[in-house]
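# Descriptive structure summary
Here is what each chain is made of, one letter per residue.
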Amino acid sequence: VPPIKEFDEQLKRSVELYQIIQAKNITDDAYAQILKFVNDCLTSKELAGKPILSKHKAETKITEMYPVKPIYYDYCPKGCRLYTDYISVACSCGLQRYKTNNLPNLQAVSSMLYMPLAQQLAALIASDSKRERLMKLSNRESEEPGVRGDFFDGDVYKNRRSLFKGDLDIAISLFIDGFTPFRKGKTNMTIFNIIILNLPPKERYKNENMIQVCILPVKPKSMDNFLEPLFIELRKLEKAGLEVKCSSGVFHLNVHLMLTSGDIVAVQELVYHSYRSLYGCRICPIQTINAVSPEGAGNGNYFRGSRNALHHFRDIEQFVDGAPAFSIKKKTKFAELESFHGASFFGLDEMHLIGANVSKRIWEMISGSFKNSTTLFELATTTRQMIGSSVESSANTIPSSIFEGDFRNYHTKPGNMRSVDWICFLLFVVPTMVCDMLEAQLGAEQAKAVVDALVSLVTGCAIALSWKITEEDLVKMESSFVQWHQYMYDAVPVNMYSSNMHYLRHIPEIVKLLGPLRCISARSMERAIGFFKKRIKSQKNPGVNAGNILRRQQACRYYNSLLEDKEGAEEDVDDNQQPATAYSINHIDEEDDDTQLWDHFESSVDDYADVNLRHYLVKFWRRKFPNHRIDYDDITDHIIVGRRLYMNETVYDALKTKRKTDKLCHFMKMDIEVDRQKARRNAPVDLQVQTFFGEVIMYFVHEYNDIFNGVGLNSAGCPCGPYTIGHTGGKRYVVEVEAVTCHAGILSIPLTTGSITDNVTTHRNYYIYPKMVPKTIVVGDVSL
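By the naming in an unreviewed UniProt entry, the chain is Transposase, taken from Circinella minor.

See below:
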């Protein structure tokens, strides 16, 4: 054994860091970030040997820098009231406001931190980088007539546009939900999350754009009383407005709360209404039917309604004055705002409505989970087991970065499902595996009505979950929900018609008024709840703990915005300058096309003989120029290739063995124009666009006859050989940039077919992709 050489200081410290990483089970990605941070610190001239501050000192510094100063309010520990005065010393329930063991010093028994909304908005406006992201009034016009892509395309904004007088006026939405920070505990908290609607729709969900004003550490008996500090601010911001003086100038703006939403239970407390009441819908005055619950545990109210007609929205006066006769006990404080617009003000949330409730209820129907109710949706136990295991095993062929939810085993782990996972189940598994299994179980004729109903439900929800919705989409969505409702009315027991099933019928009108559900979603609130759940540790004073976390979190976001402003001022970057590693592809028809190859390199066509590239290029250019005589020698040898996506033999082998570390990431949906009469000699050309699927081998650019055509960021040569998917048998094809529409995934389920000699197990593959709506595409035949 040779003597061990003495460690130098670099190796010694590196191994010590590595051991800490291993002991604390830190991910490789986090390890890389920590390592980069450490190395940057070591080479920084500004630090010059200064130590990094401790956690406590860093938290103290950033909270001192944050210009938003918290206000503390005392409250009754039972949730009876929030003290907004300095006179009261006791609650009507008998509990004292102050501790008696520290007199004459007054120390509240319970207090809550409130972060003023006006100050938080002022800090946002003062940040150049944040302010520039806000859409101004002049930019809020819909780009496409008849298309709803945001709240500002809805009728509510158009009808109340007169409220917005300044170009920087802000529209906000408030989301409310309750959560329990500890699994074994009775602590119930309520979080208030505010989203700025002036931000582009897809930026509203980002953590750095969320605003939390407070976390109620107790379940309040009167939500109005606990919201009084916020109501005071909302009224001032609406009428008097906000003046922000900062280094960039003076800004005047008004702020309007345009909607508040969340789950049904949270919102009903704001409306003084209950979904369990006789008129249990907060949107319309439908009279419910009392029946034994499907679980067989007591009675409940159900929303069957009429087969054809749907009640109109409640009159706004029912919220302004209260309507006890129609189950709204008293007026809501939100009705005092000029921006209030009645039932639509409380919106509908896609996460709670479609995800956590409707989609989950469909699986419960499929599973036959109810003692007191049965439906034709129920599948046999072995079939459900096969669906669950097939979805789980298909995870290798579904790109997780494209689909928002996870594909899990619904049969064994339904309790682990999140709302986004249930949405994936409804949109992609129900219209494929579930519908086919129902047809196999019931027979084609009996299953037709059941399958058509499920497909109509999926179609309505898929359109409702779209980022952009046209007038034609609205009509189709409404008819789909009507078809689903009529099937439920005719064939499903009344006790399956829950409030959420009823709210589906109101989605089209809500979209007309408020824009797509995705643009007014409570997803940001769910992320905030997840953030606080992981960090609240104190079971003795969880409210104080939550308040401190909230304050530090907002301070960190503010500090990050300061860094963005500083870096933006120091770096004079030309936005139009292309990255050095990008190769821009210019097209004849679209000179301003910005398609690019990343990390590209020059190569030769013959370097890709393993995929017979020259042969497929000849076929491509012959399709492009049918009147030219194009032979193999006419093909230019020079190509430009995107380095990252050429799949060599090692990658192919990994795909063939389907290792978990090598997920299928380049399976694409393509719309290709094909000649339907190609197989018929001398028949006139009949070009039609049809949908095909394939796996990308490589992205490249090729030139022929001085005409520049490219296969770039969104186009590819697509083989299916490694998976022998469908009926393609590994055929390859070269497509243009416009042909590839999106990534896709593959769900695979085993099918056993009996024959005279033996049973053969085959697989049926379903191609799924974002924005998938059942029965909306014509899938191409490979023989074309």
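Along its length, the chain carries 21 helices and 23 strands. Split into buried and exposed, the 784 residues of the chain put 49% on the buried side. Contacts in the chain between residues far apart in sequence, at least 24 positions, make up 67% of those at least 6 positions apart. Here the chain displays about 40,000 Å² of accessible surface, and carbon together with sulfur accounts for 50% of that area.

On the surface, a cluster of nonpolar side chains totalling about 460 Å² of accessible area is made up of Ile-34, Phe-37, Val-38, Leu-42 and Ile-52. By the element assignment, Phe-37 lies in helix H2 (residues 28–43).

The pairing of strands in a sheet comes from backbone hydrogen bonds and takes either a parallel or an antiparallel form. Strand order in this open sheet of four strands is E6-E5-E4-E9, and the pairing throughout is mixed. Of all the strands in the sheet, the pair left with one neighbour each is strand E6 (211–216) and strand E9 (255–262). In this sheet, adjacent strand axes meet at a mean angle of 20° when their direction is disregarded. Where strand E4 (residues 170–179) meets strand E5 (residues 189–196), eight bridges bridge the pair, whose relative direction is antiparallel. When the bridges of E5 are listed, Ser-173 appears paired with Ile-195. Across the sheet, helix H8 (residues 228–239) is in contact with E4, E5 and E9; its angle to E9 comes to roughly 140°. Contacts from helix H9 (residues 264–271) reach E4 and E9, with the element oriented near 130° to E9.

So, on to the confidence of the model for the chain. Low pLDDT means the predicted atomic positions in that stretch should not be read closely. Mean pLDDT for the chain: 84, with 87% of residues reaching 70 or above. Ranking the elements of the chain by mean pLDDT puts helix H21 (residues 649–657) last, at 40, and helix H17 (residues 507–514) first, at 97. Residue range residues 646–662 is modelled with pLDDT below 50. Its contacts to residues more than four positions away, or to other chains, number 27 contacts.

Here we come to helix H15 (residues 471–491). Along an α-helix, a turn takes 3.6 residues, which lines up residues three or four apart on a common side. Taking 1.5 Å per residue as the helical rise, H15 with its 21 residues ought to reach 30 Å, and the 30 Å between its terminal C-alpha atoms agrees with that figure. Taken as a whole, H15 has its buried residues at Leu-474, Met-477, Ser-480, Phe-481, Trp-484, His-485, Tyr-487 and Met-488. Down the axis of H15, the smallest arc covering the buried residues is 160°, so these residues share one side. Facing away from the buried side of H15, by more than 90 degrees, are the exposed residues Glu-472 and Val-475. Buried residues along H15 sit against strand E3 (147–148), helix H11 (350–367), helix H14 (444–464), strand E12 (469–470), helix H16 (499–503) and H17.

Our next topic: the pattern of salt bridges. If you walk through the whole model with that rule in mind, you get 36 salt bridges. Two residues, Lys-36 and Asp-40, come together in a salt bridge whose shortest N-O distance is 3.0 Å. Taken together, the residues span about one helical turn, with Lys-36 and Asp-40 both in helix H2 at a distance of four residues. Accessibility expressed as a relative area gives 53% for Lys-36, which makes it exposed. Taken together, the salt bridges that share partners define one network made up of Asp-74, Arg-81, Asp-85 and Arg-97.

With that settled, consider unusual backbone geometry. Although it is not a glycine, Asn-612 adopts a positive phi angle of roughly 55°. Locating Asn-612 in the fold gives a position in the loop between strand E15 (600–604) and helix H20 (613–624). Even without being a glycine, Lys-771 presents a positive backbone phi close to 65°. Tracing the chain through its elements places Lys-771 in the segment after strand E23 (759–768). In this structure Lys-771 comes out as exposed when scored by relative accessible area, which is 74%.

Right, let's talk about the packing of aromatic side chains for a bit. Tallying each qualifying case throughout the model produces 35 aromatic pairs. With a centroid separation of 6.2 Å and an interplanar angle of 20°, the aromatic rings of Tyr-410 and Trp-422 are classed as stacked. Taken together, the residues span a long stretch of sequence, with Tyr-410 in the loop between helix H12 (381–393) and helix H13 (419–442) and Trp-422 in helix H13 at a distance of twelve residues. Here Tyr-410 matches Trp-422 in class, with each residue buried. Ring centres of Trp-621 and Phe-625 lie 6.1 Å apart, and the angle between their planes is 10°; on these two criteria the pair is classed as stacked.

Another point: the nonpolar core. Residues Leu-117, Phe-334, Ile-362, Phe-407 and Ile-507 are the most contacted members of the largest nonpolar core, which totals 150 residues. The dominant element in this core, judged by the number of residues it contributes, is H13, at 15 residues. In this view, Phe-407 contacts Val-391, Glu-392, Ile-398, Cys-424, Phe-428, Val-429, Leu-747 and Ile-768; residues no more than four positions away in its chain are not counted. Counting 25 residues, the second-largest nonpolar core is a separate cluster that includes Leu-113, Met-115, Phe-175 and Ile-529.

Note on placement: Thr-187 falls in the loop between E4 and E5. Taking the relative accessible area as the measure of exposure, Thr-187 reaches 18% and is therefore buried. Along the primary structure Thr-187 and Lys-219 are separated by 32 residues, whereas in three dimensions their C-alpha atoms are 8.4 Å apart. Dropping the residues within four chain positions of it, Thr-187 is found in contact with Phe-179, Thr-180, Pro-181, Phe-182, Pro-217 and Pro-542.

On to the pairing of strand E17 (residues 667–675), then. Along E17, seven of the nine residues are buried, which leaves the element largely enclosed by surrounding structure. When E17 meets strand E18 (residues 687–695), the two strands line up antiparallel, connected through nine bridges. Paired with Asp-671 across the bridge in E18 is Thr-691. With three bridges joining them, E17 and strand E21 (residues 740–743) adopt antiparallel strand pairing. Residue Met-670 lies in a different strand from E21, and its bridge partner there is Val-740.

Pairing in this open sheet of three strands is antiparallel, and the strands run E18-E17-E21 from one edge to the other. Lying at the two open borders of the sheet, with one neighbouring strand each, are E18 and E21. Strand-to-strand twist in this sheet, taken as the mean axis angle between neighbours without regard to direction, amounts to 25°.

Let us now look at the side chain of Arg-148. Mapped onto the fold, Arg-148 is located in strand E3. Among the polar contacts made by the side chain of Arg-148, one reaches the side chain of Asp-155 at a distance of 3.4 Å. Other than its neighbours up to four places away in sequence, Arg-148 contacts Asp-153, Asp-155, Trp-467, Lys-468, Ile-469, Glu-471, Leu-474, Val-511, Lys-512 and Pro-516.

Their axes nearest at 9 Å, the elements H13 and H14 cross at an angle of 175°. The angle between H13 and H14 places the two elements in the roughly antiparallel class. On the side of H13, the interface is formed by Leu-426, Leu-427, Val-430, Pro-431, Val-434, Cys-435, Leu-438, Glu-439 and Leu-442, while H14 contributes Ala-444, Gln-446, Ala-447, Val-450, Val-451, Leu-454, Val-455, Leu-457, Val-458, Cys-461 and Ala-462. Taken together, the residues of the contact of H13 with H14 break down into 18 nonpolar, one polar and one charged.

Right, let's get into helix H3 (residues 55–65). Looking only at H3, the buried set comprises Glu-59, Ile-62 and Thr-63. Buried positions in H3, seen along its axis, are confined to an arc of 100° and lie on one side of it. Facing away from the buried side of H3, by more than 90 degrees, are the exposed residues Lys-57 and Glu-64.

What counts, and where the lines are drawn
Per-chain numbering applies: the sequence of each chain, read as written, is numbered from 1 onward. Totals for whole chains, interfaces and linings use every residue, but because this is a predicted model, local features are given only for residues with pLDDT of at least 70 and side-chain atom pairs only at 80 or more, for both listing and counting. Hydrogens and water molecules were not included; the side-chain quantities draw on all heavy atoms of the structure. Working definition: helices are DSSP H or I runs of at least four residues, strands are E runs of at least two. Numbering for both runs from the N terminus. Note on exposure labels: buried denotes an accessible area under 20% of the residue type's maximum, exposed denotes more than 50%, and partly exposed covers the range between, all computed with a 1.4 Å probe on protein chains only. What makes two residues a contact is simply this: any of their non-hydrogen atoms within 4.5 Å. Residue burial considers only the protein chains on display, and all accessible areas are found by Shrake-Rupley using a 1.4 Å probe. For patch building, the residue pool is restricted to those with more than 30% relative accessible area and no salt bridge; the joining distance is 9 Å between like charges and 5 Å between nonpolar side chains (Val, Leu, Ile, Met, Phe, Trp, Tyr). Each salt bridge in this description consists of a side-chain nitrogen of Lys or Arg and a carboxyl oxygen of Asp or Glu lying within 4 Å of one another. Two strands qualify as a pair provided DSSP detects at least 2 bridges between them. Every angle, taken between N-to-C directions, lies between 0 and 180 degrees, and every axis is a line fitted to C-alpha atoms, over only the stretch in contact when it is a helix. Confidence of the predictor at the level of single residues is given by pLDDT, which spans 0 to 100. Under the convention used throughout, the expected extent of a helix is 1.5 Å for every residue step, that is, one less than its residue count. Arc, as used here, means the arc of the directions from the helix axis to the C-beta atoms. A pair of aromatic rings is counted whenever rings of Phe, Tyr or Trp (Trp by its six-membered ring) have centres within 6.5 Å, and the orientation is called stacked for planes under 30 degrees apart, edge-to-face for over 60 and tilted otherwise. We define the nonpolar core as a collection of buried residues of types Ala, Val, Leu, Ile, Met, Phe, Trp, Tyr and Cys that are connected through side-chain atoms lying within 4.5 Å of one another. Residues adjacent in sequence count toward polar contacts only when both atoms are side-chain atoms; beyond that, a polar contact is any pair of N or O atoms within 3.5 Å, and within protein one must be able to donate a hydrogen and the other to accept it. For this classification, under 35 degrees means roughly parallel, over 145 means roughly antiparallel, 65 to 115 means roughly perpendicular, and everything else is oblique. Residues are sorted three ways: Asp, Glu, Lys and Arg are charged, Ala, Val, Leu, Ile, Met, Phe, Trp, Tyr, Cys and Pro are nonpolar, and all the rest, Gly among them, are polar.

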